[in-house]
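Each chain, letter by letter, is given below.
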Amino acid sequence: MVLKIVVVCVVVVLGVGDVTPALVNPVQDSNPQPREWPCPDDAAISPCTCSITEDYDMKLDCSLVTSNEELARVFSSVFPYTQFLELRIVQDPSDPNYDINAIETGLFTGFSFERIIIQGTKLKVIEDHTFTDSQDLLNYLNLANNDLYSFPFEVITLYPKLATLILDDNAFTQLPSILSSSIEVLSVSGNANLELTNFDDLTSLQEIYIGRINLDVLPPNLFMQLHYLNTIDVQGNELTDLNEYTIATPSQTLKTVIADHNLISTIHHDTFHGLVFNAEVSMRSNLVIDLFEESWKHVFDQLVPDGILDLEDNPLRCGCEMAWIMFSPEREDLQIITDTTLCSSGAQVSFLDVQFFCKFCDHIVPDVCP
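Since the structure is predicted, the reported quantities are computational estimates derived from the model, not experimental observations. (Residues numbered from 1 in each chain as written. Predicted model: local features only at pLDDT ≥ 70, side-chain atom pairs only at ≥ 80, totals over all residues. Heavy atoms only, no water.)

## Some thoughts on the state of the cysteines
Here is the idea: a disulfide is a covalent bond, and it sits between the sulfur atoms of two cysteines.
Here comes step 1: Applying the stated rule across the entire model yields 5 disulfides.
Here comes step 2: Each disulfide pairs two cysteine sulfurs, and for Cys 39 the partner residue is Cys 50, the sulfurs being separated by 1.9 Å. With the S-S bond torsion at -65 degrees, the cross-link from Cys 39 to Cys 50 turns out left-handed. Remark: Cys 50 occurs in strand 1 (residues 49-52) and Cys 39 occurs in the loop between helix 2 (21-24) and helix 3 (42-45); sequence separation between them is 11 residues. Judged on exposure class, the residue Cys 39 and its partner Cys 50 are both buried.
Here comes step 3: Residue pairing for Cys 320: its cysteine sulfur links by disulfide to Cys 361, the two sulfurs lying 2.0 Å apart. In this structure, the disulfide formed by Cys 320 and Cys 361 twists by about -95 degrees around the S-S bond and is classed as left-handed. One end of the pair, Cys 320, is in the loop between strand 18 (308-310) and helix 6 (323-326); the other, Cys 361, is in the segment after helix 8 (354-360), and 41 residues separate them in sequence.
Here comes step 4: Given the relative accessible area of 0%, Cys 361 is considered buried.
Here comes step 5: Numbered by position along the chain, the disulfide-linked cysteines of the chain connect as 1-3, 2-4, 5-7, 6-9, 8-10. (Disulfide = S-S within 2.5 Å. Helix = DSSP H or I, 4+ residues; strand = E, 2+ residues; numbered from the N terminus. Buried < 20%, exposed > 50% of the residue type's maximum accessible area, 1.4 Å probe, protein only.)

## Some points on the confidence of the model for the chain
Here comes step 1: In this model, the chain carries an average pLDDT of 90, and 89% of its residues clear a pLDDT of 70 or more.
Here comes step 2: This model gives residues 1-31 a pLDDT under 50, and the stretch forms 30 contacts once residues within four places in sequence are excluded. (pLDDT = per-residue confidence, 0-100. Contact = heavy atoms within 4.5 Å.)

## A look at the packing of aromatic side chains
Here comes step 1: Enumeration according to the criterion identifies 14 aromatic pairs in this entry.
Here comes step 2: Summarising the aromatic geometry, the rings of Phe 356 and Phe 357 are spaced 5.2 Å apart at their centres and angled 85 degrees between planes, so their arrangement reads as edge-to-face.
Here comes step 3: One aromatic cluster is present, formed by Phe 75, Phe 79, Phe 84, Phe 108, Phe 111, Phe 113 and Phe 131 through successive ring pairs. (Phe/Tyr/Trp six-rings, centres within 6.5 Å; stacked < 30°, edge-to-face > 60°.)

So this is what it looks like as structure tokens:
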């Protein structure tokens, strides 16, 4: 980057003995302390602080800015260099002393950031051109826990390096289709009553987080165009029935499925598709009662022998309907169930006595029974 080239020039002009200590002895810790050049003057940008990483990248932290006017004053100061690794504004949304509620037009003109983190403010709208000068560099955008209801999703395609987009805990009511070949992580959890469309145009998507959005139905085939998807998180919703092809990808890529804290009592034979051999499926705190073979065997077939199925805090009956699990070859089906998964009686599923099933499940006559 430009800054590193300047550093080399300083070494040549001043000589080794006269090199600025800040350039030859960069801060080594993970939380570098504020320092001056190549950062702007401390007093000029206060209460923002500028720091330099060991790679001579600059970070700008404006978490202590209290108003739109104060933020505008900071960015009207003289900056020797305007290409930053990170812009950070992280505030307590319940603190009345902080009132950043808008980003003025042109505020970031001339400034570019690889990472932008703005959380806990009272921002309601992000305009089309708010981060325009970061288009060629921006790879991480975290706008969680603000009051946002408007965001220029249509211009995301102009950010070719944007890999992570986090919009959790805002006030969005609709998530339109997003066109991007670079986004790998999309998180929109915590936007109450968020209406989903599709994710088909996120061709590189690997992780999706759509928890806590009051979702009561997961549309079938929602993820069937996502060839690299490895994580699906739908926890904290109001799902009751996972229908066919609701947790399904076109190829075997799914490593993690989190459906905790829903109202799920039923799944179907074709609910889950695309689980890798060592995937983890977590369905804690749901309403699953019976593990019927016709519904659950396809899940077990994908997870055995190295996967994990977590059914902690479900009212499992643990009757003859799950004898097929107890009598699987070498009890391999039983071994994928977590130790924290209990029957409604309190018994630990992984330590159920197979003799009970031999004695009371007359239609099951496996070789292991006397």
